[in-house]
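Topology and contacts: notes
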Amino acid sequence: MIKKCLFPAAGYGTRFLPATKAVPKEMLPILTKPLLQYGVEEALAAGMSTMAIVTGRGKRSIEDHFDNAFELESQLAGTSKEHYLEEIKTVIESATFTYVRQRQMLGLGHAILTGEPLIGNEPFAVILADDLCTNGNTSVLSQMTEVFNKYQCSIIAIEEIPMDQTNKYGVIAGNLVDETDDTYRVTDMVEKPEPKDAPTNMAIIGRYILTPDIFDILRNTKPGKGGEIQITDALLAQAKQGKVIAYKFKGKRFDCGSIEGYVAATNYFAKQQGIV
Ligand code: UTP
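Below is a short write-up of the structure. Everything numeric in this text was worked out from a predicted model, so none of it was measured. (Residues numbered from 1 in each chain as written. Predicted model: local features only at pLDDT ≥ 70, side-chain atom pairs only at ≥ 80, totals over all residues. Heavy atoms only, no water.)

1. Some points on the overall build of the chain
Stated precisely, the cut-off is as follows: Counting from the N terminus, the helices are the DSSP runs of H or I reaching at least four residues and the strands are the DSSP runs of E reaching at least two. The globule rule is 2.2 Å times the number of residues to the power 0.38, and the radius of gyration it is compared with is taken over C-alpha atoms. With a 1.4 Å probe rolled over the protein chains alone, any residue whose accessible area is under 20% of its type maximum counts as buried; one over 50% counts as exposed, and the rest are partly exposed. Only heavy atoms matter for contacts: two residues are in contact if any of them lie within 4.5 Å across the pair. Here the open area of atoms and residues is found with the Shrake-Rupley method and a 1.4 Å probe, where only the protein chains shown may cover a residue. Two residue types count as positive, namely Lys and Arg, and two as negative, namely Asp and Glu; His and chain ends fall outside the count. Charge coordinates come from a single atom per side chain, which is NZ of Lys, CZ of Arg, CG of Asp or CD of Glu.
Helices and strands together make up the secondary structure of the chain, namely 10 helices and 13 strands. Its C-alpha radius of gyration of 18 Å places the chain within 12% of the 19 Å reference for a compact globule of 276 residues. With the principal axes as the frame, the chain shows a C-alpha extent of 60 × 40 × 40 Å. Scored against the burial criterion, the 276 residues of the chain give a buried share of 53%. Of all intrachain contacts in the chain linking residues separated by at least 6 positions in sequence, the fraction that spans at least 24 positions is 77%. For the chain, the accessible area works out to roughly 13400 Å², and carbon and sulfur atoms hold 51% of it. Distance between charge centroids for the chain: 4 Å, based on 29 positive and 34 negative side chains.

See below:
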């Protein structure tokens with residue numbers, strides 16, 4: 001049973017400047033809901049109850065969002081607007097929120113290692129909230145916990161992408177394990193390869209289930225591409241021991257860290273809710 005979900009949310013979000021100068025990227029809304037809340041709801045739906053959030057300087061609004069807001073609550077109590085707060089109140093009451101700050105933004109791998117004190121020695125999930133996933137019945141993380149229960153090793157979600165976009169993703173190579181559940185045993189992994197160097201078009205997206213030995217591996221992982229400590233480099237060490245399964249998830253993913261993906265997600269959810 002996986003109880004904790006880690007949310008690396010310390011990045012600068014430079015692609016969304018100037019919006020992200022004083023507002024964390026993870027707090028940008030799709031319609032009325034911040035990206036991070038979508039992620040927390042996905043983790044809740046997968047049965048997780050501790051949300052471990054890696055924040056950084058200028059990210060205090062994340063903590064405020066997942067806390068009571070007495071003044072607002074008392075202002076709205078008994079009025080026709082009270083229902084606007086209901087959804088977030090349910091989320092707050094359903095989980096425990098823990099935080100740690102990443103002092104230097106040294107990459108996703110480093111952000112995950114920074115979260116170690118919040119996780120301890122147990123398998124845990126990771127959600128990158130700017131990859132917004134949606135699937136009617138079973139959330140992507142719920143699908144992944146089922147795969148974890150079967151294989152008991154690290155699980156990464158993958159998606160087939162156009163070959164000319166491999167330089168935006170971690171890309172895997174692997175052997176099909178079971179076509180009924182779309183799983184591959186990972187044999188290789190490359191961070192943001194140019195199309196000519198990419199082993200496949202199967203890209204890692206922002207959903208992981210990791211076994212806690214990843215922390216020791218990360219501690220010994222040297223900065224890789226872009227001078228950052230890459231989670232792909234640490235996962236490759238696990239993969240070499242045959243301990244990483246890639247899972248082609250069911251559902252839709254929007255890369256809300258890019259403007260195109262953000263607009264596409266907004267349009268999708270607006271249509272879903274009958275707004276446009
Ligand atoms: P991105 O690669 O999207 O980086 O990080 P970013 O800084 O958020 O955005 P750009 O590229 O500058 O526009 C993927 C995820 O990893 C987190 C980010 O917050 C995001 O959720 N991250 C990245 C950290 O928490 N710490 C880091 O040092 C780097």
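2. Things to note about the packing of aromatic side chains
Selection rule: Pairing of aromatic side chains requires ring centres within 6.5 Å, counting the rings of Phe and Tyr and the six-membered ring of Trp. Pairs whose planes differ by under 30 degrees are stacked, by over 60 edge-to-face, and all others tilted. Only when the NZ atom of a Lys or the CZ atom of an Arg is both within 6 Å of the ring centre and within 35 degrees of the ring normal do we say a charge sits over the ring.
Under the defined criterion, the tally for this structure stands at 7 aromatic pairs. Among the aromatic residues, those joined into a ring-pair cluster are Tyr38, Phe254, Tyr268 and Phe269. Over the face of the ring belonging to Tyr38 we find Lys33, whose NZ or CZ atom lies 4.6 Å from the ring centre.

3. Looking at the pattern of salt bridges
A pair can form between side chains of opposite charge whenever their charged atoms are brought close. Test applied: The rule for a salt bridge is simple: a side-chain nitrogen of Lys or Arg has to be within 4 Å of a carboxyl oxygen of Asp or Glu.
This structure, assessed with the given rule, holds 15 salt bridges. Linking Glu26 and Lys59 is a salt bridge whose minimum nitrogen-to-oxygen distance equals 2.9 Å. Of this pair, Glu26 sits in the loop between β1 (4-8) and β2 (29-30) while Lys59 is found in the loop between β4 (50-55) and α2 (60-65), placing the two residues 33 residues apart along the sequence. The pair formed by Glu26 and Lys59 is uniform in burial state, with each residue classed as buried. The salt bridge involving Arg207 is made with Glu42; its shortest N-O contact spans 2.9 Å. Here Arg207, found in strand β11 (residues 202-210), pairs with Glu42, found in helix α1 (residues 35-45); they are 165 residues apart in sequence, far enough to count as distant. Here the salt bridges share partners, and the residues they tie into one network are Lys33, Glu41 and Glu87.

4. Let's talk about the nonpolar core
Burial of nonpolar side chains together is a common tendency in soluble globular proteins. Applied cut-off: We define a nonpolar core as any set of buried Ala, Val, Leu, Ile, Met, Phe, Trp, Tyr and Cys residues linked to one another through side-chain atoms lying within 4.5 Å.
With 39 residues, the main nonpolar core has Cys5, Phe7, Met48, Met51, Phe66, Leu141 and Ile155 as its most contacted residues. Ignoring any residue separated from it by four or fewer positions in sequence, one finds Phe66 in contact with Leu36, Gln37, Val40, Ile53, Ile88, Val91, Ile92, Phe97 and Tyr99. With 34 residues, the next largest nonpolar core counts Ala10, Val54, Met189 and Leu235 among its residues.

5. A word on the pairing of strand β9 (residues 170-178)
Here is the rule: Pairing between two strands requires that DSSP report at least two bridges joining them.
Here 8 bridges tie β9 to strand β10 (residues 183-191), and the two strands are oriented antiparallel to one another. Counterpart to Asn175 in the pairing with β10 is Arg185. Where β9 folds back on β10, the antiparallel hairpin that results is connected by 4 residues, among which Asp182 adopts a positive phi of roughly 55 degrees.

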